[in-house]
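Inside the fold
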Amino acid sequence: MEKSNTTVLMDFYLTELSDLPEVQTALFVVILLIYLTTLAGNGSILMAIGTDAHLQTPMYFFLSNLSLLDILCPTVIVPKMLQIFLSKDKKISFVGCVLQLFLLIDVLGTEIFLLAVMAYDRYVAICSPLHYATIMNKQWCIQLMAVIWLLGLINSMIHTSLTFRLSFCGSKKLNQYFCDLHPVMALSCSSTYLAEIVLLLVAGIIGSGAFLVTLISYIYIISTILRMASTEGRHKAFSTCGSHLIVVCLFYGATIATYARPTSSYSGKQDRIIAMLYGIITPMLNPMVYSLRNKEVKKALYKSFNHSP
């Protein structure tokens, strides 16, 4: 009992993004600007979809959920990073670390499922347009989204509970600028075998499965696009699908590379850069790639900002 109480009351210490004093101010400004851009971009999409009746379709319903996740993900990470830049206080409480890790894994897991569903949605829309309204009806989309959020929650509960059941002793400094699975496990003085096996299996199955669904969907989409008669239509579709696929591969690649491997291979500085991709950069890019180039979204935003009926 005494050991348990000590574990619960202890603090962890995070690693700064860079240990070079001369770049601290520049990094603070860059991270803050990226975060504000992310909030503005995703917030604009949520506002546009929520206020325009023309955007009440399955595609925009899924996009609104993606925007919400892209607001939550950096919000879990960035405020603490900025606080460390300003105060130099790298301490995070045990409860704060548990909460940060739980929310992060929840958001990432949910987004992995959502990107696969969004790819399938585009596959049905492009490859079976006559059956789209029947297949992707409102009730089915809501149920599908509820299942996605539930799966993300269950996934996070499993990993978080297994990770923080471990005993921690010795150094409390995490080799990362936020609480994540591998850096926390690395501090354990008890066996991490079960937690790592579960992580490898779940990350491998979920990550590879979702990526496979996405890839197959886009293969069929591209195949359909190639059969289009209009050259302009093919070019536009390729441009949209290509940018979508690049961002999806960036997110899947970074998350799979982070979680689908043993803790012993965690390399610190390199993994901090990879974490930037899925935790901070991708949430900023998604609005630009998925929605803000869309004429319907631009029109809805124009109406919202100008208070037009």
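Per chain, residue numbering runs from 1 following the sequence as it is written. Given that the model is predicted, a residue must reach a pLDDT of at least 70 before its local features are reported, and side-chain atom pairs must reach 80 or more before they are shown or counted; all residues, however, enter totals for whole chains, interfaces and linings. Side-chain metrics in this entry use all non-hydrogen atoms of the structure; hydrogen atoms and water are not considered.

Focus: the UniProt feature "transmembrane region" (unreviewed entry) in the chain
For clarity, the cut-off: UniProt positions are given in the numbering used here, feature names are shortened, and annotations may be inferred rather than shown by experiment. Helix numbers and strand numbers start at the N terminus; a helix is a DSSP run of H or I with at least 4 residues, a strand a run of E with at least 2.
In the UniProt entry, the feature "transmembrane region" (unreviewed entry) is given for residues 26-49, 61-86, 92-120, 140-158, 197-221, 242-261 and 273-292. For residues 26-49, the end-to-end C-alpha separation is 35 Å, with 100% helix and 0% strand making up the annotated structure. Annotated as 100% helix and 0% strand, the span residues 197-221 places its first and last C-alpha atoms 35 Å apart.

Examining the environment of Leu-63
So the rule is basically this: For each residue, the accessible area found with a 1.4 Å probe, counting protein chains only, is set against the maximum for its type, and the residue is called buried under 20%, exposed over 50%, and partly exposed in between. Note on contacts: a residue pair qualifies if any of its non-hydrogen atoms lie within 4.5 Å across the two residues.
Note on placement: Leu-63 falls in helix 3 (residues 58-87). Overall, the relative accessible area of 4% leaves Leu-63 in the buried class. In this structure, the C-alpha to C-alpha distance between Leu-63 and Ser-291, residues 228 residues apart in sequence, is 7.9 Å. Sequence-distant contacts of Leu-63, that is, excluding residues within four places in its chain, are made with Ile-49, Met-118, Tyr-290 and Ser-291.

Quick notes on the packing of helix 4 (residues 94-127) against helix 6 (residues 138-163)
Put simply, the rule is: Convention adopted: a line fitted to C-alpha atoms gives each axis, helices being fitted over their contacting stretch, and angles between N-to-C directions are expressed from 0 to 180 degrees. For classification, angles of less than 35 degrees are called roughly parallel, those exceeding 145 degrees roughly antiparallel, those between 65 and 115 degrees roughly perpendicular, and all remaining angles oblique. By definition, any crossing whose near helix is turned counterclockwise from its far helix by less than a right angle is left-handed, and any crossing with a clockwise turn is right-handed. When residue character is reported, Ala, Val, Leu, Ile, Met, Phe, Trp, Tyr, Cys and Pro are called nonpolar, Asp, Glu, Lys and Arg charged, and the others, Gly included, polar.
It is the contact of helix 4 with helix 6, at a shortest axis distance of 8 Å, that shows an interaxial angle of 140°. The angle between helix 4 and helix 6 places the two elements in the oblique class. The chirality of how helix 4 crosses helix 6 is right-handed. Across from Val-98, Leu-101, Phe-102, Ile-105, Asp-106, Gly-109, Thr-110, Phe-113, Leu-114 and Val-117 in helix 4, the residues of helix 6 making contact are Leu-144, Met-145, Ile-148, Trp-149, Leu-151, Gly-152, Leu-153, Asn-155, Ser-156, Met-157, His-159 and Thr-160. When its residues are assigned to classes, the contact of helix 4 with helix 6 shows 14 nonpolar, seven polar and one charged.

Some words on the packing of aromatic side chains
Going by this rule: Here is the rule: rings of Phe, Tyr and Trp (six-membered ring for Trp) pair when centre to centre is within 6.5 Å. Planes less than 30 degrees apart are stacked, more than 60 are edge-to-face, and the remainder are tilted.
Counting across every chain of the model gives twelve aromatic pairs. Taking the centre distance of 6.3 Å and the plane angle of 50° together, the rings of Phe-164 and Phe-168 count as tilted. Under the relative-accessibility criterion, Phe-164 is labelled buried at 13%. Consider the rings of Tyr-177 and Phe-178, whose centres lie 5.1 Å apart with planes at 70°: the pair is edge-to-face. Residues Tyr-177 and Phe-178 agree in their burial class; the two are buried. Taken together, the ring pairs connect Phe-12, Phe-94, Phe-164 and Phe-168 into an aromatic cluster.

Some details on the state of the cysteines
Put simply, the rule reads: Put simply, a disulfide is two cysteine sulfurs that come within 2.5 Å.
This structure, assessed with the given rule, holds two disulfides. Shown here is the disulfide that connects Cys-97 with Cys-179, its sulfur atoms set 2.0 Å apart. Measuring the twist about the S-S bond at about -120°, one finds the Cys-97-Cys-179 disulfide to be left-handed. In this pair, Cys-97 is assigned in helix 4 and Cys-179 in the loop between helix 6 and helix 7 (181-185), connecting sequence segments 82 residues apart.

Notes on the packing of helix 3 against helix 6
The geometry of helix 3 relative to helix 6 is characterised by a closest axis approach of 10 Å and an angle of 20° between their N-to-C directions. Our classification of the angle between helix 3 and helix 6 gives roughly parallel. Between helix 3 and helix 6 the crossing geometry is right-handed. Between helix 3 and helix 6, the contacting residues are Pro-58, Phe-61, Phe-62, Asn-65, Leu-68, Leu-69 and Leu-72 on the first element and Cys-141, Ile-142, Leu-144, Met-145 and Trp-149 on the second.

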